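Reading the structure
One-letter residues, chain by chain:
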Amino acid sequence: MLALVLGIMVIGQIASAQFTGATEFSLPNYIGAMIITIVIRNINDRVNVFKNNQKSVDLISEVSLGLFSLWR
């Protein structure tokens, strides 16, 4: 699950850079990741390639929020 999240983040960063190069309008990297996540999630709802383990998602969310809270 973590590898999937990291892969989506990398693809999202690339998508944001491509968008910025094509339009000269800068997007934050996480916006590209959000868009890629939406696309992958919608595709996965139809074909069920990835199993979505909610406990894993919750754990990653809690750790990310904790790290963000410490950083701020």
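Below you will find a few notes about this structure. This one's a predicted model, so the numbers in the text were calculated from it and none came from an experiment.

1. What about helix H1 (residues 2–23)?
Helix length check: H1 (22 residues) gives 31 Å between terminal C-alpha atoms against 32 Å at 1.5 Å per residue, within 8%. When we look at burial in H1, the residues that qualify are Ile8, Gly12 and Ser16. Projected down its long axis, H1 carries its buried residues within an arc of 80°, all on one side. Of the residues in H1, the exposed ones pointing more than 90 degrees away from the buried face are Ala3, Gln18, Gly21 and Ala22. Where the residues of H1 are buried, they touch helix H2 (29–47). Positioned one or two residues after H1, Glu24 has a phi angle of 60°, which is positive.

2. A few points about the pattern of salt bridges
Under the counting rule described, the total for this entry stands at one salt bridge. When the shortest N-O distance is used, the salt bridge between Asp45 and Arg41 registers 3.7 Å. Taken together, the residues Asp45 and Arg41, both in helix H2 and four residues apart, mark about one turn of the helix.

3. Considerations on helix H3 (residues 54–71)
Taking 1.5 Å per residue, 18 residues should reach 26 Å; H3 reaches 26 Å between its end C-alpha atoms and fits that length. For H3, the N-terminal capping position is held by Asn53, with its side-chain oxygen 3.2 Å away from the main-chain nitrogen of Lys55.

4. Quick notes on unusual backbone geometry
Despite not being glycine, Glu24 shows a phi value in the positive range, around 60°. Checked against the element boundaries, Glu24 lands in the loop between H1 and H2. One non-glycine residue, Asn48, adopts positive backbone phi at about 50°. Within the fold, Asn48 resides in the loop between H2 and H3. A residue is classified by how much of its surface remains accessible, and Asn48, at 58% relative accessible area, is exposed.

5. Points about the side chain of Ser16
Counting through the fold element by element, Ser16 comes out in helix H1. Here Pro28 takes part through its backbone oxygen, which lies 3.4 Å from a polar atom of the side chain of Ser16.

Calculation criteria
Residues numbered from 1 in each chain as written. Predicted model: local features only at pLDDT ≥ 70, side-chain atom pairs only at ≥ 80, totals over all residues. Heavy atoms only, no water. Helix = DSSP H or I, 4+ residues; strand = E, 2+ residues; numbered from the N terminus. Expected span 1.5 Å × (residues − 1). Buried < 20%, exposed > 50% of the residue type's maximum accessible area, 1.4 Å probe, protein only. Arc of directions from axis to C-beta. Contact = heavy atoms within 4.5 Å. Salt bridge = Lys/Arg side-chain N within 4 Å of Asp/Glu carboxyl O. Polar contact = N/O pair within 3.5 Å; in protein donor to acceptor, adjacent residues only side chain to side chain.

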